[in-house]
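Residue-level listing of the chains:
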Amino acid sequence: MSVETETRPSRAPLLEPTHRTHHRHRSRIGALSLVFFGWVVPLLRVSWRKQLGEEDLLPLWWRDDVERNARRGADLWEQRRGTFRHIFWQTCGGQFLLGGVYRILSDACSLGQPLLLRSFLSDFVQDPSAPWWLGAAYGAALVACSFFAALFDVAGHFIGSRQAVRTETILKTLMFNKALRLSAASRGAFGVGDVLTRMSVDVQRVSDLIPWLHYSYSPFLMLGVALSMLVTQVRLALVFGLAVVLVMMPLAAVVIAKSYALEEVLMKRRDERTKLMSEILRAAKGVKASGLDAPLGARVQAVRGKEMTTLRHTQYLNALQGFFWSAIPPLLSTAPPPAPPRVRLVAARAQPLPNHAGGRL
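On a predicted model such as this, the values are computed, not experimentally measured, just so you know.

For the rest of this paragraph, the subject is the overall build of the protein chain. Scanning the protein chain from terminus to terminus reveals 13 helices and zero strands. Here the protein chain holds 361 residues, and the buried ones make up 29% of them. Residue pairs in contact within the protein chain that sit at least 24 positions apart in sequence constitute 76% of those at least 6 positions apart. Counting only carbon and sulfur atoms, one obtains 66% of the accessible surface of the protein chain, whose full area is about 24,100 Å².

Okay, structure coming up:
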């Protein structure tokens, strides 16, 4: 009787959902490499020499494992313990809160830069007797604020990307299980293109939204703090900045609403193309035998042309939306501030003074 011996691989599989894989992965990376993303450098070097393969990739964290998250999401859904919001909180709640902390710290560092710059101008630039080390300290503080703002921003976005991977896995698993249980009448009502769009495009849109969830409140928080700081600095000139915001925000809202409407049209065009392609591929032999390649190809190209036209208009609106968000801060900064008393004092000192002999100095 022969006994077959199984050889263990030299390294853990890519999707092994074990704590041991996670600890070995962390031990190979290190704390500093995790903070500064140094673990990507060896991967980039390998990709420069050759095309990346599965054996070149690092194993996933066990919390991001596909099989583990798919099984857990299906179990939570079968238990009827709540909606998808409950599933998301059970699988990504702690990481979501940590990403929010990183977002707030990044915003705090960004808001600290103008305060440090103001102190630098008042305590060092306008004071000739200030020591040199004070300017160096302010410069180091400004560099540190910029560095930590970028670091916390990237770390929060990286955590959001990991949450997006888990969310995409769970949603695709739930929708695939639901598609297997659909009746013939339900499949006929939805259509193949609609089901495929929900499983691919809609799930991808939800997962792409996950890393940006904290930006739903961060801009308003930053705007409120910035306006409160401007009140103490520019006084009545703040009215100009508020007028700019009040004019730009409705225009941006109209652009966003139009963009959402075009995205709905784009989804319908994509469903139409997917359904047409599915029907053609299902009857490929009949199409070839009947010589209908050219007319059906022209029909597919026509549907594809409509889809690309809608996509082009959507991208134009997205670019216009980005212009609005990028143009508001510079327009706010163009408010003409009133001359501070210190400037008036410097102007008064520039006037010639009489000397004791009756002349002017």
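Moving on, we come to the pattern of salt bridges. Evaluation of the coordinates by the stated rule reveals 11 salt bridges. Ionic pairing is found between Asp 107 and Arg 103, a salt bridge with its closest N-O pair at 3.0 Å. Placement of the pair is Asp 107 and Arg 103 together in helix α5 (residues 84-125), with a separation of four residues, close to one helical turn. Here Asp 107 falls in the buried class, since its relative accessible area comes to 7%.

In this fold, Ile 159 is placed in helix α6 (residues 132-180). Distance in space between the C-alpha atoms of Ile 159 and Gly 100 is 9.9 Å, their sequence separation being 59 residues. Sequence-distant contacts of Ile 159, defined by excluding residues within four places in its chain, comprise Gln 95, Leu 98 and Tyr 102.

A separate point is empty space enclosed by the protein. This structure, assessed with the given rule, holds one cavity of 30 Å³ or more. Considered as a void within the structure, the largest cavity measures approximately 100 Å³ in volume. Residue lining of the largest cavity: 14 residues in total, with Gly 99, Gly 156, His 157, Pro 211 and His 214 positioned closest to the centre. At the level of elements, α5 and α6 are the ones that each hand at least two residues to the lining of the largest cavity. When residues in the lining of the largest cavity are grouped by element, the largest group, seven residues, is from α6. Here the residues of the lining of the largest cavity are counted per class, giving six nonpolar, six polar and two charged.

Taken as a whole, this structure holds seven aromatic pairs when the rule is applied. With a centroid separation of 6.1 Å and an interplanar angle of 70 degrees, the aromatic rings of Phe 120 and Tyr 138 are classed as edge-to-face. Here the residue Phe 120 occupies a position in helix α5, and Tyr 138 occupies one in helix α6, the gap between them amounting to 18 residues. Residue class for Tyr 138 comes out buried when judged on its relative accessible area of 14%. Among the aromatic residues, ring-to-ring pairing joins Tyr 102, Phe 147, Phe 148 and Phe 152 into one connected group.

What follows concerns the side chain of Arg 162. Here Arg 162 lies in helix α6. Of the residues examined, Arg 162 reaches a relative accessible area of 15% and is grouped as buried. Contacts of Arg 162, omitting those with residues within four sequence positions, involve Trp 61, Arg 63, Asp 64 and Gln 95.

A separate point is the packing of helix α4 (residues 66-78) against α6. Direction vectors running N to C along α4 and α6 enclose 55 degrees, while the axes themselves pass 8 Å from each other. When the interaxial angle is binned, α4 and α6 end up oblique. Pair α4 / α6 crosses with right-handed handedness. Across the interface between the two elements, Val 66, Asn 69, Ala 70, Gly 73, Ala 74 and Trp 77 from α4 touch Arg 166, Thr 169, Ile 170, Thr 173, Leu 174 and Asn 177 from α6. A per-class count over the contact of α4 with α6 returns six nonpolar, five polar and one charged.

Moving on, we get to a nonpolar patch on the surface. A contiguous nonpolar patch, built from Phe 36, Phe 147 and Phe 148 and spanning about 300 Å² of accessible area, is present on the exposed surface. Examined against the element boundaries, Phe 147 turns out to sit in helix α6. When its relative accessible area of 38% is taken as the criterion, Phe 147 is described as partly exposed.

All right, on to the state of the cysteines then. Tallied over the full model, the rule gives zero disulfides. Of the cysteine sulfurs around Cys 145, a residue in no disulfide, the closest is that of Cys 109, at 5.5 Å. Given the relative accessible area of 16%, Cys 145 is considered buried.

A word on the nonpolar core. With eight residues, the main nonpolar core is built from Val 244, Met 248, Ala 252, Val 255, Leu 262, Leu 317, Phe 324 and Ala 327. Counting residues per element, the ones that place at least two in this core are α10 (238-282) and α12 (293-333). In terms of residue count, the dominant contributor to this core is α10 (five residues). Counting six residues, the second largest nonpolar core, distinct from the first, contains Leu 276, Ile 280, Val 287 and Val 300.

Parameters at a glance
Residue positions are given per chain, counted from 1 along the sequence in the order it is written. Only residues with pLDDT of at least 70 get local features here, since the model is predicted, and only at 80 or more are side-chain atom pairs given and counted; chain-wide, interface and lining totals rely on the full set of residues. Excluded from the side-chain calculations are hydrogens and water; all other atoms, namely the structure's heavy atoms, are used. The helix and strand labels rest on DSSP assignments: H or I over at least four residues marks a helix, E over at least two residues marks a strand, and numbering proceeds from the N terminus. Buried residues are those whose accessible area, probed at 1.4 Å on protein chains only, stays under 20% of the maximum for their type, while exposed residues exceed 50% and partly exposed ones sit between those limits. Residue contacts are defined here by distance: any two heavy atoms, one from each residue, within 4.5 Å place the two residues in contact. Shrake-Rupley sampling with a 1.4 Å probe provides the accessible areas, and residues are treated as covered by the protein chains on show and by no other component. Salt bridges are defined as contacts in which a side-chain nitrogen from Lys or Arg sits within 4 Å of a carboxyl oxygen from Asp or Glu. A 1.4 Å probe that fits into a set of points on a 1 Å grid over the protein atoms alone but cannot get out defines a cavity; an open set with protein on both sides within 12 Å along at least five of seven lines defines a pocket, and lining residues are those with an atom within 4 Å of a point. Grid points are joined across faces, edges and corners, and a volume is the space filled by probe spheres set on the points. By the convention adopted, Pro, Cys, Tyr, Trp, Phe, Met, Ile, Leu, Val and Ala count as nonpolar, Lys, Arg, Asp and Glu as charged, and the other residues, Gly among them, as polar. The aromatic pairing rule takes the rings of Phe, Tyr and Trp, using the six-membered ring of Trp, and pairs them if the centres are within 6.5 Å, calling planes under 30 degrees apart stacked, those over 60 edge-to-face and the rest tilted. To define axes, lines are fitted to C-alpha atoms, for helices over the stretch in contact only, and angles between the resulting N-to-C directions are given on a 0 to 180 degree scale. Each angle receives one of four descriptions, namely roughly parallel if under 35 degrees, roughly antiparallel if over 145, roughly perpendicular if within 65 to 115, and oblique otherwise. In this scheme the handedness of a crossing depends on how the near helix is turned from the far one: anticlockwise by less than a right angle means left-handed, clockwise means right-handed. Patch criteria: residues need more than 30% relative accessible area and no salt bridge. Like-charged residues are merged within 9 Å; nonpolar side chains of Val, Leu, Ile, Met, Phe, Trp and Tyr are merged within 5 Å. Any cysteine sulfur atom paired with another within 2.5 Å is treated as part of a disulfide. Nine residue types can take part in a nonpolar core, namely buried Ala, Val, Leu, Ile, Met, Phe, Trp, Tyr and Cys, and a core is a set of them joined through side-chain atoms within 4.5 Å.

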